[in-house]
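This is what each chain is made of:
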Amino acid sequence: MIQSVNVNLDAVEALLFFWHSIKDRQKVSELFIFDVTDMLGLKYAYDNEFNSESVRRALSAINNREIFSGINRQEGRFYNNNLWMLEDLDYTDRLVQPIKKLNLQYLVRRLNAAQGSGDYEELEVIFSPLHLKESIIKNNKLIINFFMVRPSDTSEAVFLGDKELMAFIEDKLQEIMSNNS
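Reading guide: rules and limits
- Residues numbered from 1 in each chain as written.
- Predicted model: local features only at pLDDT ≥ 70, side-chain atom pairs only at ≥ 80, totals over all residues.
- Heavy atoms only, no water.
- Helix = DSSP H or I, 4+ residues; strand = E, 2+ residues; numbered from the N terminus.
- Rg over C-alpha atoms; globule rule 2.2 N^0.38 Å.
- Buried < 20%, exposed > 50% of the residue type's maximum accessible area, 1.4 Å probe, protein only.
- Contact = heavy atoms within 4.5 Å.
- Areas by Shrake-Rupley, 256 points an atom, 1.4 Å probe, with all protein chains shown as cover.
- Lys, Arg positive; Asp, Glu negative; His and termini not counted.
- Charge placed at Lys NZ, Arg CZ, Asp CG, Glu CD.
- Patch = residues over 30% accessible without salt bridge, like charges linked within 9 Å, V, L, I, M, F, W, Y side chains within 5 Å.
- Salt bridge = Lys/Arg side-chain N within 4 Å of Asp/Glu carboxyl O.
- Expected span 1.5 Å × (residues − 1).
- Polar contact = N/O pair within 3.5 Å; in protein donor to acceptor, adjacent residues only side chain to side chain.
- Arc of directions from axis to C-beta.
- 1 Å grid on protein atoms, 1.4 Å probe; cavity = no way out; pocket = protein on both sides within 12 Å on 5 of 7 lines; lining within 4 Å.
- Points joined across faces, edges and corners; volume = space filled by probe spheres on them.
- Nonpolar A, V, L, I, M, F, W, Y, C, P; charged D, E, K, R; others polar.
- Pairing = 2+ DSSP bridges.
- Core = buried A, V, L, I, M, F, W, Y, C linked by side-chain atoms within 4.5 Å.

### Here we look at the overall build of the protein chain
(1) Moving on: When helices and strands are counted, the protein chain shows eight helices and seven strands.
(2) Moving on: Expected size for 181 residues packed as a compact globule is a radius of gyration near 16 Å; at 17 Å, the protein chain falls within 12% of this value.
(3) Moving on: Projected onto the principal axes, the alpha-carbon positions of the protein chain cover approximately 50 × 40 × 25 Å.
(4) Moving on: For the protein chain, the proportion of its 181 residues judged to be buried stands at 50%.
(5) Moving on: Summarising the internal contacts of the protein chain: among those between residues at least 6 apart in sequence, 65% fall at separations of at least 24.
(6) Moving on: Of the accessible surface of the protein chain, which amounts to about 9,200 Å², a share of 46% is contributed by carbon and sulfur atoms.
(7) Moving on: Charge-centre separation for the protein chain: the mean point of 20 positive side chains lies 3 Å from the mean point of 27 negative side chains.

### Some points on a positive patch on the surface
(1) Moving on: On the surface, Lys23, Arg25, Lys27 and Arg65 cluster together into a positively charged patch.
(2) Moving on: With respect to the helices, strands and loops of the structure, Lys27 is situated in the loop between helix H1 (10–23) and helix H2 (30–37).
(3) Moving on: Residue classification places Lys27 among the exposed positions, given a relative accessible area of 56%.

### Quick look at helix H4 (residues 52–63)
(1) Moving on: For H4, spanning twelve residues, the distance from its first C-alpha to its last is 16 Å, which sits close to the expected 16 Å at 1.5 Å a residue.
(2) Moving on: Here H4 has its buried residues at Ser54, Val55, Arg56, Ala58, Leu59, Ser60, Ala61, Ile62 and Asn63.
(3) Moving on: Residues of H4 that are buried make contact with H1, H2, helix H3 (40–43) and helix H5 (73–87).
(4) Moving on: Where H4 begins, the capping side chain belongs to Asn51, and its oxygen is found 3.0 Å from the backbone nitrogen of Glu53.

### Let's talk about helix H6 (residues 89–100)
Because each turn of an α-helix spans 3.6 residues, side chains separated by three or four positions in sequence point in the same direction.
(1) Moving on: Given a rise of 1.5 Å per residue, twelve residues ought to cover 16 Å, and the 16 Å separating the end C-alpha atoms of H6 matches this to within 8%.
(2) Moving on: Inspection of H6 places Leu89, Tyr91, Thr92, Leu95, Val96 and Ile99 among the buried residues, and these make up the whole buried set. Along the long axis of H6, the arc covered by the buried residues comes to 160°, so they all point the same way.
(3) Moving on: For H6, the elements touching its buried residues are H1, H5, strand E2 (122–128), strand E5 (149–151) and helix H8 (165–180).
(4) Moving on: Sitting at the amino-terminal end of H6 is Asp88, which places a side-chain oxygen 3.2 Å from the backbone nitrogen of Asp90.

### Quick notes on the layout of surface pockets
(1) Moving on: Computed from the structure, the largest pocket encloses a volume of approximately 160 Å³.
(2) Moving on: Around the largest pocket, the lining residues are Arg94, Gln97, Pro98, Lys101, Pro151, Ser152, Ser155, Glu156, Ala157 and Val158.
(3) Moving on: By residue number, the principal contributor to the lining of the largest pocket is H6, which donates three residues.
(4) Moving on: Per-class residue counts for the lining of the largest pocket are four nonpolar, three polar and three charged.

### With respect to the sheet that holds strand E7 (residues 163–164)
(1) Moving on: Within the open sheet, the three strands sit side by side as E5-E6-E7. Their pairing is antiparallel. Of all the strands in the sheet, the pair left with one neighbour each is E5 and E7.

### Observations regarding the nonpolar core
(1) Moving on: Grouped together as the largest cluster of nonpolar side chains are 59 residues, with contacts concentrated most on Trp19, Phe127, Ile144, Ile169 and Leu173.
(2) Moving on: For Ile144, the contacting residues outside a window of four places in its chain are Val125, Ile126, Phe127, Ser128, Leu130, Glu134, Ser135, Val149, Leu160, Leu165, Phe168 and Ile169.

Set out below in structure tokens:
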């Protein structure tokens, strides 16, 4: 039975620091970049084409203001998405603010009512700057690609694709519960 649904913003917070530092023309240490590559939200996206070295190379290129040529589409998209965040930090902050305020505890009752008890006591929603995928499910974790979150132009709503973010999260958590039974 689910006891809690937690939000993890560690990777987004780290890259928010990175983007603001770069925008302010400050260099970020390579040690910081290595720490970012080891963050949980990014680790779940790693595969045989996109790994910690992909992240390190892309962020180092941005940090050193070098041209980057990704080995594959995933690396190129990750690099381009990071550059996109640097273009308009006000827009980036508009993406981050609603996510920082997320409280998903109200979903506990809904998830338990819909699925009954399962093996997981805790679900975790991790926002992470990724590459091509909208989201990834690993065990009791939902990893959401921060770059695919979009604020509404007309309201305070936030979307992922054409679905409102809260509805998207609830559907994906239901999927985790379904796969767990």
